[in-house]
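Understanding the architecture of this molecule
So the chains spell out like this:
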Amino acid sequence: MKIKQFIMIILLVSSFTISTNVAAASNNNKENKIPNFPETNSLNNRYFSYFIKDLYHKEIMEAFQSYYKSKGLKPTGFNPSSEDPDYGMVSIYFGNDFSEKYTYMLKVSLSPTTDEKVLGRDTLYFAVEPSHQLMKDSPAIKLVKYEHKEP
């Protein structure tokens, strides 16, 4: 009986010590290597824009190449359309205004380029449904509208 009580006390003390150490470690960001997240919205928006731009790079380039093919130009890349850090390169709209098949709309504003020049300031509107990624009969992303402005 005394052995059981002794073991129970040891377990109780050790569990208290372990939970105290875990709590102390979680309060210390350096020990857990948790990054300091940016405070400003413009920086967060810029990182989000880069993420979306990289995620849909193939679809963006296909839209640019399709649009400029009739003009005899071949875009090789793209740049942000503005140097302003608060510029909205990517906007997202959740809702099914376009179609019930897509979860959200994506607006991407970029400047397609060739090796020699900027071709314009173009805005692409995509309907996106990530769950269609694995389906062959329904695309995960669809170009809905393309707007072009001369540089």
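The paragraphs below set out a description of the structure included in this document. Quick caveat, the model's predicted, so the values are computed rather than measured.

1. Details of the overall build of the protein chain
Counting secondary structure elements, the protein chain contains four helices and five strands. In the protein chain, buried positions account for 30% of the 151 residues. Total accessible area on the protein chain stands at roughly 11100 Å², and carbon and sulfur atoms take up 57% of it.

2. A few points about a nonpolar patch on the surface
Taken together, the side chains of Phe48, Phe51, Leu55, Ile92 and Phe94 present a nonpolar region at the surface, about 490 Å² in accessible area. Contributing elements (two or more residues each) for the nonpolar patch: helix H3 (41-55) and strand S2 (90-94). Here the nonpolar patch gets three residues from one element, more than from any other, and that element is H3. Relative to the helices and strands, Phe48 is located in helix H3. A relative accessible area of 33% places Phe48 in the partly exposed class.

3. Considering the pattern of salt bridges
Should the charged atoms of two oppositely charged side chains come close, the side chains can pair. The full count for this structure, using the stated rule, is three salt bridges. Among the ionic pairs, Lys53 bridges to Asp54, the shortest N-O distance being 3.8 Å. The class for Lys53 is buried, based on a relative accessible area of 17%. We classify Asp54 as exposed; its relative accessible area is 52%. Among the salt bridges present, the one from Glu62 reaches Lys58, with a minimum N-O distance of 4.0 Å. With a gap of four residues between them, Glu62 and Lys58 both fall in helix H4 (residues 57-69), about one helical turn apart.

4. Here's the deal with the packing of aromatic side chains
Under the defined criterion, the tally for this structure stands at five aromatic pairs. Geometrically, the ring pair formed by Tyr67 and Tyr146 is stacked, given 4.3 Å between the ring centres and 10° between the ring planes. Residue Tyr67 is found in helix H4, and its partner Tyr146 is found in strand S5 (residues 141-149); the two are separated by 79 residues along the sequence. Tyr146 sits in the buried class, given a relative accessible area of 18%. With a centroid separation of 5.5 Å and 50° between ring planes, the pair formed by Phe94 and Tyr104 is classed as tilted. Residue Phe94 is located in strand S2, and its partner Tyr104 is located in strand S3 (residues 104-113); the two are separated by ten residues in the primary sequence.

Conventions we followed
- Residues numbered from 1 in each chain as written.
- Predicted model: local features only at pLDDT ≥ 70, side-chain atom pairs only at ≥ 80, totals over all residues.
- Heavy atoms only, no water.
- Helix = DSSP H or I, 4+ residues; strand = E, 2+ residues; numbered from the N terminus.
- Buried < 20%, exposed > 50% of the residue type's maximum accessible area, 1.4 Å probe, protein only.
- Areas by Shrake-Rupley, 256 points an atom, 1.4 Å probe, with all protein chains shown as cover.
- Patch = residues over 30% accessible without salt bridge, like charges linked within 9 Å, V, L, I, M, F, W, Y side chains within 5 Å.
- Salt bridge = Lys/Arg side-chain N within 4 Å of Asp/Glu carboxyl O.
- Phe/Tyr/Trp six-rings, centres within 6.5 Å; stacked < 30°, edge-to-face > 60°.

Just geometry here; none of it tells us what the structure is for.
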